[in-house]
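So the chains spell out like this:
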Amino acid sequence: MKEFFVVRFTNRLDGTCGDLCHPFDTEAEALTDYFREAGKAVDSTHLTDSVSLLTKEGFEIRHDFFTHEAPAPEEPVEEPTEE
């Protein structure tokens, strides 16, 4: 039976969302994955990232949340016109 779970939720720029859930037998394995996913979330291109480490009962051991600025819209490039 799996004892710990790492879950990550994201809100993407295109309006969609993402989620993942990784199960683990030991807390050490789960912590390793938790910090790996949090590291990815720190500088992701998503608007928001949430990473949690949960017990099999659903109790939260750790949680981090990251927000990122949406990129500025690109300025249209005007093509030079020939006269």
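Provided above is the structure to which this section pertains.
Residues numbered from 1 in each chain as written. Predicted model: local features only at pLDDT ≥ 70, side-chain atom pairs only at ≥ 80, totals over all residues. Heavy atoms only, no water.

S.K.: Quick one: what's the story with the sheet that holds strand β3 (residues 48–55), residue by residue and with numbers?
M.R.: Across the sheet, which stays open at both edges, the four strands sit in the order β2-β1-β3-β4 with antiparallel pairing between neighbours. Only two strands of the sheet have a single neighbouring strand rather than two, namely β2 (17–24) and β4 (60–67). The average undirected angle you get between the axes of adjacent strands in this sheet is 10°. Two elements, strand β1 (residues 4–11) and β3, share eight bridges in a ladder whose sense is antiparallel. Across the sheet, residue R8 finds its bridge partner in β3, namely V51. (Pairing = 2+ DSSP bridges. Helix = DSSP H or I, 4+ residues; strand = E, 2+ residues; numbered from the N terminus. Axes fitted to C-alpha atoms, helices over the stretch in contact; angles between N-to-C directions.)

S.K.: Go over helix α1 (residues 27–42), please, and point to the residues and values.
M.R.: In this model, α1 (16 residues) spans 22 Å end to end at C-alpha, consistent with the 22 Å of a helix rising 1.5 Å per residue. Those residues of α1 lying buried are A30, D33, Y34, E37, A38 and A41. Projected down its long axis, α1 shows its buried positions confined to an angular sector of 140°, all on one face. Taken together, the buried residues of α1 touch β1, β2, β3 and β4. (Expected span 1.5 Å × (residues − 1). Buried < 20%, exposed > 50% of the residue type's maximum accessible area, 1.4 Å probe, protein only. Arc of directions from axis to C-beta. Contact = heavy atoms within 4.5 Å.)

S.K.: Can you explain the side chain of R8? Please cite residues and give values.
M.R.: You can see R8 is positioned in strand β1. Using a relative accessible area of 9% as the deciding quantity, one classes R8 as buried. For R8, the side chain forms a polar contact with the side chain of D49, separated by 2.6 Å. Ignoring anything within four residues of it in the chain, the contact list for R8 reads G18, D19, L20, E37, K40, A41, S44, H46, D49, S50 and V51. (Polar contact = N/O pair within 3.5 Å; in protein donor to acceptor, adjacent residues only side chain to side chain.)

S.K.: A description of the packing of aromatic side chains should follow, citing residues and the corresponding values.
M.R.: One pass over the full model with this rule turns up one aromatic pair. Seen from their ring centres, Y34 and F35 are 5.2 Å apart, and the 80° between their planes marks the pair as edge-to-face. A residue is classified by how much of its surface remains accessible, and F35, at 45% relative accessible area, is partly exposed. (Phe/Tyr/Trp six-rings, centres within 6.5 Å; stacked < 30°, edge-to-face > 60°.)

S.K.: Go over the pattern of salt bridges with me, naming the residues and quoting the values.
M.R.: Within this structure, the stated rule accounts for six salt bridges. Among the ionic pairs, R8 bridges to E37, the shortest N-O distance being 3.1 Å. Of this pair, R8 sits in strand β1 while E37 sits in helix α1; the two residues are 29 residues apart in sequence, bridging distant segments of the chain. When sorted by exposure, R8 lands in the same class as E37, which is buried. D49 is paired through a salt bridge with R8; the nearest N and O atoms lie 2.6 Å apart. (Salt bridge = Lys/Arg side-chain N within 4 Å of Asp/Glu carboxyl O.)

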